Amino acid sequence: DASGSGSTHRAVVEGNTVRGAVGAGIDGYLATVRLNRVYANGGVGISSTNSNVLNNVVAYNSSTGIVGSNYSFSTFSHNKVAHNAAGIYGGIASITYNSVVFNGVDANTPGVMVRYPSQSATCLAYNTVVGQVGTSNSDTGGLYLDTGTIGCRVQNNNLYGNPGYELYNANAQSDGL
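As the structure is a computational prediction, the values presented were derived from the model and not from experiment.

Rules used in this analysis
Residues numbered from 1 in each chain as written. Predicted model: local features only at pLDDT ≥ 70, side-chain atom pairs only at ≥ 80, totals over all residues. Heavy atoms only, no water. Buried < 20%, exposed > 50% of the residue type's maximum accessible area, 1.4 Å probe, protein only. Helix = DSSP H or I, 4+ residues; strand = E, 2+ residues; numbered from the N terminus. Pairing = 2+ DSSP bridges. Axes fitted to C-alpha atoms, helices over the stretch in contact; angles between N-to-C directions.

K.L.:
With reference to specific residues and values, describe the pairing of strand β19 (residues 141-145).
P.N.:
With five of its five residues buried, β19 lies for the most part within the structure. Where strand β16 (residues 112-114) meets β19, three bridges bridge the pair, whose relative direction is parallel. Residue methionine 113 lies in a different strand from β19, and its bridge partner there is tyrosine 144. In this sheet, strand β22 (residues 165-169) lies alongside β19 in parallel orientation, the contact comprising four bridges. Across the sheet, leucine 143 pairs through a bridge with leucine 167, a residue of β22.

If you want it as structure tokens, here you go:
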């Protein structure tokens, strides 16, 4: 676990190899989590609350590769996320420039899911989401915009080879998709 005391005193978790943990590989709160290799853990690869998760390799974890809190903003950028039970779940997050490939060995898990993005944020941009594994239905595929995603800007993502929809919008109030 890594915890900072505020926006000017952030914990930094950098350059580690984390494998074989029973639960989460890295749990960051008010932290910058960067340049780590996180794999083969019994739970989530990286769990994030109000943190920056940058330039990590996250693979073969028993749960989601990277998870963000539904209650505070996190940034996930330039991560490689592969072969986890699901790719990235960003509660309130900006998710940009990530490579998310071959996740979702369990059914009904999308490559990238966002729930409550900041309305001013570009919440999903420049990600590559390829070859998620799972049954083909509306809940799987590349990008999943959950019901709270009003104001989410989705742009310049590469989505292909995913089962179900490449982009699924569960929010009936959104338009333009």
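K.L.:
Explain the sheet that holds strand β9 (residues 57-59) to me, using residue names and the numbers behind them.
P.N.:
The strand order across the open sheet built from seven strands is β3-β6-β9-β12-β15-β18-β21, with neighbouring strands paired in parallel fashion. What marks the edges here is a single partner per strand, and that holds for β3 (17-19) and β21 (158-160). Between one strand axis and the next, the sheet turns by 5° as a mean value, whatever way the strands run. In this structure, strand β12 (residues 80-82) lies alongside strand β15 (residues 99-101), joined through three bridges in parallel fashion. Residue pairing in the sheet places valine 81 in a bridge with valine 100 of β15.

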